[in-house]
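Topology and contacts: notes
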Amino acid sequence: MSKPSVAEVRAGGQPPGIKERRNEEHWAGRLYMRDISPYVSMVFIRLGVPPNPITYLMMGFGVLAGLVLAFGGLWSAVLAAVLVQIYLLLDCSDGEVARFTGRTSVAGIYLDRIGHYLAEIALLIGLGVRAQGGFEAGGWVIAGMAAAIGAALIKVETDNVVVARAKAGLPEQVSEAAMQPRSAGLGLARRVAAALRFHRVIQAVELSLLVVVVAVVDAVRGDLIATQALTVACVAVAALQTVLHLVSVLASRRLH
């Protein structure tokens, strides 16, 4: 058990259905990262590293990506995207190590959620500083911070469904039927929004990739127009999604 194989780690750390978890498994995890992560998880297990230090490491890479992004230039955008990929890898690995070693905990789940908050907040603030053109106060920095607050609020709205249900003595799990809005019109709007997936603009992996694209455009143009346009888009998406998600929760049976 002290030197498990990759196949053993995959079997013990990735239970059936893990890639299909609704609102939990990222598309990048399903597409490629869950194929890579058992190799890293195996190393951690063989070294005897507990899950929570891996989660702390994940947090560090997420925050570091935002800091690197703020420096501007094409290579900082590329490096930030690489750091986000490492963040995602560690996000997969900490859970695999916890499940394989039987060291799952409420603290681990809590730290994992905090790590997601930190990564998105750091990236959006870094984007604002990048759009400003330097580490100085200005409207673009404020815009990045506003987008970061919106991204955090969306996660708060999601997490507080579980908190509210727990305080009311209701089961944590919510059925698919209960998540649907009671209004047919709102149900259609929810399906359209889900199909467009515009909310992913402010999520860590997607944002890091978009930043690389706009960094290339900025490098070609010799200005920051593309980065500034992305910052505006992030503010708009964060504001809209905050309202839409709140309405979706209140209009459904998730709190019943």
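See above for the structure.
Computed from a predicted model, the values in this text were never measured in an experiment.

A few words now on the packing of helix H5 (residues 106–132) against helix H10 (residues 225–250). Closest axis-to-axis distance for the H5/H10 pair is 9 Å, and the angle between their directions is 140°. When the interaxial angle is binned, H5 and H10 end up oblique. The crossing of H5 and H10 is left-handed. Between H5, through Leu 124, Leu 127, Arg 130 and Ala 131, and H10, the contact on the second element is made entirely by Thr 227, Gln 228, Leu 230, Thr 231 and Cys 234.

Time to look at the packing of helix H6 (residues 139–167) against H10. Contact geometry of H6 with H10 gives a least axis separation of 9 Å together with a crossing angle of 25°. One way to sum up the angle between H6 and H10 is to call them roughly parallel. In the packing of H6 onto H10, the handedness of the crossing is left-handed. Across the interface between the two elements, Trp 140, Ala 143, Gly 144, Ala 147, Gly 150, Ala 151, Leu 153, Ile 154, Glu 157, Thr 158 and Val 161 of H6 pack against Gln 228, Thr 231, Val 232, Cys 234, Val 235, Ala 238, Gln 241, Thr 242, His 245, Leu 246 and Val 249 of H10.

On to helix H9 (residues 204–221), then. Here H9 contains 18 residues, and its C-alpha end-to-end distance of 25 Å stays within 8% of the 26 Å for a straight helix at 1.5 Å per residue. When H9 is considered as a whole, its buried residues turn out to be Ala 204, Val 205, Glu 206, Leu 207, Ser 208, Val 211, Val 214, Ala 215 and Asp 218. Close packing links the buried residues of H9 with helix H2 (27–47), helix H3 (51–70), helix H4 (74–101), H5 and H10. Once H9 finishes, Gly 222 follows within two positions and takes phi at roughly 80°, a positive value.

This brings us to the environment of Ala 238. When you line up the elements, Ala 238 lands in helix H10. For the pair Ala 238 and Arg 200, spaced 38 residues apart in sequence, the C-alpha to C-alpha distance is 9.9 Å.

The next point concerns the nonpolar core. Membership of the largest hydrophobic core comes to 44 residues, with the highest contact counts inside it found for Leu 124, Ile 202, Leu 207 and Cys 234. Only helix H1 (6–13), H2, H3, H4, H5, H6, H9 and H10 provide two or more residues apiece to this core. Ignoring any residue separated from it by four or fewer positions in sequence, one finds Cys 234 in contact with Leu 124, Leu 127, Ala 147, Val 201, Ile 202 and Leu 207.

On the surface, a nonpolar cluster with roughly 430 Å² of combined accessible area is contributed by Leu 64, Leu 67, Phe 71 and Phe 135. Relative to the assigned elements, Phe 71 resides in the loop between H3 and H4.

Another aspect to go through is the packing of aromatic side chains. Scanning the model with the defined rule gives one aromatic pair in all. On the basis of an interplanar angle of 65° and a centroid distance of 5.1 Å, the ring pair of Phe 71 and Phe 135 is categorised as edge-to-face. Pair noted here: Phe 71 is in the loop between H3 and H4 and Phe 135 is in the loop between H5 and H6, with a separation of 64 residues, a long-range link. By relative accessible area, which is 57% here, Phe 71 ends up exposed. Since its relative accessible area comes to 54%, Phe 135 is described here as exposed.

Scoring rules and cut-offs
- Sequence order as written defines residue numbering, which begins from 1 separately in each chain.
- Local features are withheld for residues below a pLDDT of 70 in this predicted model, meaning they are given only at 70 or higher, and side-chain atom pairs are given and counted only at 80 or more; totals for whole chains, interfaces and linings count all residues.
- Values reported for side chains reflect all heavy atoms of the structure, with hydrogen atoms and water molecules removed beforehand.
- Note on geometry: axes are C-alpha line fits, over the in-contact stretch for helices, and angles between N-to-C directions span 0 to 180 degrees.
- Helix and strand labels come from DSSP, where a helix needs a run of H or I of at least four residues and a strand needs a run of E of at least two; each type is numbered from the N terminus.
- What sets the label is the angle itself: under 35 degrees gives roughly parallel, over 145 gives roughly antiparallel, 65 to 115 gives roughly perpendicular, and the rest give oblique.
- In this scheme the crossing of two helices becomes right-handed for a clockwise turn of the near helix relative to the far one and left-handed for an anticlockwise turn of less than a right angle.
- Throughout, a residue-residue contact means that at least one pair of heavy atoms, one from each residue, lies within 4.5 Å.
- Each helix should span, by expectation, one fewer than its residue count multiplied by 1.5 Å.
- Per-residue accessibility, obtained with a 1.4 Å probe over protein chains only, is compared with the maximum for each type, and a residue is labelled buried under 20%, exposed over 50%, and partly exposed between these values.
- Nonpolar cores are built from buried Ala, Val, Leu, Ile, Met, Phe, Trp, Tyr and Cys residues. Side-chain atoms within 4.5 Å join them into one set.
- Residues with no salt bridge and a relative accessible area higher than 30% make up the patches, which join like charges within 9 Å and nonpolar side chains (Val, Leu, Ile, Met, Phe, Trp, Tyr) within 5 Å.
- For every accessible area listed, the method is Shrake-Rupley and the probe measures 1.4 Å; residues are considered covered only by the protein chains on display.
- By convention in these notes, a salt bridge is any Lys or Arg side-chain nitrogen within 4 Å of a carboxyl oxygen on Asp or Glu.
- Two rings belonging to Phe, Tyr or Trp (six-membered ring only in the last case) form a pair when the distance between their centres is within 6.5 Å. Interplanar angles under 30 degrees mark stacking, angles over 60 mark edge-to-face geometry, and anything in between is tilted.

In short, geometric facts, not functional conclusions.
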